[in-house]
Amino acid sequence: MSFKQSLLTGGKRFSIHQVRGLDTMINDDVLAVEEPLELRLESGTEKERTEKSISITMRTPGHDVELAAGFFYTEGIIHGRSDIEDLAQVPGPGQRLELCNVVRLRLQPDVTFDPKLIERHFYTTSSCGVCGKASLEALRINRSTAIGFTTVSLAAKTLENIASELITSQKLFQLTGGLHAAGLFNPSGQLLCLHEDVGRHNAVDKVIGDRLIKGHLPLKDSVLMVSGRASFEIMQKALMARIPIVAAVSAPSSLAVELAKTFNMTLLGFVRGNKFNIYSGASRIKSGVTPS
């Protein structure tokens, strides 16, 4: 497969018919791999343990343990690395570890959680169903509070450098053209961690999970940059990790902006070169913009 085995199985080669005007040729193309990953949770006392399948997500293989750690953290099931007794891939009989599509998190015996947190539609309330108000209220219930006063700020020129670094560091995207990326930077623009995935939320989970496993949470002095749009789910994950500044290459959604304003986060969209929009938290950006 070459090119470092398509960057360790993140890409898969296919034979295609390539049409260029009136000419057709047979050529090879490398596509982003998309496979299911099952996330399992084991909990209970030392005497009585139960294991349950929590979620199946379509992801690009690689850094699956980090993805699982980030998922369980941003869903509020764990509060930190100390809640984890074990976190590992679980291969089937005779299966090679690199082909494994299951990750199991084993909670410490003294750690409990609210089972309702594992219901993917936990935003629903009896008063208004699934809506923006319910979604924001669910975050408050799920231990989320506003980002307090921080001294962190970001220069416009640094943001331009961050956007450029994100693009040049997307090795799998350069190979396949079909992946999202999430990069974590410090306010000086230094890249701390970057992951790619077919799912934009998976890429963010991999970044947050990486930091959790290495003991670097919370991320209160960092900037998250994502290659696509800024959705509510991405902002929710950033909030849980206490990331004060989120920047996106494309547009944010309306609910993402509402979340940013509600929880005092800085949200930037359409970050391209030296141009960008500030949707919330302008006081953290050094760009000559009058803070709102």
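So, here's what we can say about the structure.

**Digging into unusual backbone geometry**
At step 1: Cis geometry marks the peptide bond from L217 to P218, where omega comes out at 0°.
At step 2: The residue P218 is located in the loop between α6 (200-213) and β10 (223-226) in this model.
At step 3: Phi angles above zero are rare outside glycine, and H63 is one such case at about 60°.
At step 4: Mapped onto the elements, H63 comes out in the loop between β4 (49-59) and α2 (64-74).
At step 5: H63 gets classed as partly exposed once you look at its relative accessible area, which sits at 44%.
At step 6: Even without glycine at this site, F270 takes up a positive phi of about 50°.
At step 7: Relative to the assigned elements, F270 resides in strand β12 (residues 266-272).
At step 8: Here F270 falls in the partly exposed class, since its relative accessible area comes to 32%.

**Regarding α2**
At step 1: Burial of α2 is extensive: 11 of the 11 residues sit out of reach of the surface.
At step 2: If you check which residues of α2 are buried, you get D64, V65, E66, L67, A68, A69, G70, F71, F72, Y73 and T74.
At step 3: Downstream of α2 by a residue or two, G76 has a phi angle that is positive, lying close to 85°.

**With respect to the side chain of Q18**
At step 1: Position of Q18 relative to the elements: it lies in strand β1 (residues 11-20).
At step 2: Accessibility expressed as a relative area gives 18% for Q18, which makes it buried.
At step 3: Within polar-contact distance, the side chain of Q18 engages the side chain of N27 at 3.3 Å.
At step 4: When near neighbours in sequence (up to four residues on either side) are disregarded, Q18 contacts D23, T24, M25 and N27.

**Looking at the sheet that holds β4**
At step 1: Pairing is mixed in the open sheet, where four strands are placed in the order β4-β3-β6-β5. With one partner strand each, in any of the chains shown, β4 and β5 (84-89) form the two edges of the open sheet. Adjacent strand axes in the sheet meet at a mean angle of 15° when their direction is disregarded.
At step 2: In this structure, strand β3 (residues 35-44) lies alongside β4, joined through 10 bridges in antiparallel fashion. Paired with G44 across the two strands is R49, which belongs to β4.
At step 3: This element, α2, spans β3, β4, β5 and β6 (102-107) of the sheet and lies at about 55° to β3.
At step 4: Here α6 sits on the sheet in contact with β4 and β5, set at roughly 130° to β4.

Calculation rules
- Residues numbered from 1 in each chain as written.
- Predicted model: local features only at pLDDT ≥ 70, side-chain atom pairs only at ≥ 80, totals over all residues.
- Heavy atoms only, no water.
- Helix = DSSP H or I, 4+ residues; strand = E, 2+ residues; numbered from the N terminus.
- Buried < 20%, exposed > 50% of the residue type's maximum accessible area, 1.4 Å probe, protein only.
- Polar contact = N/O pair within 3.5 Å; in protein donor to acceptor, adjacent residues only side chain to side chain.
- Contact = heavy atoms within 4.5 Å.
- Pairing = 2+ DSSP bridges.
- Axes fitted to C-alpha atoms, helices over the stretch in contact; angles between N-to-C directions.

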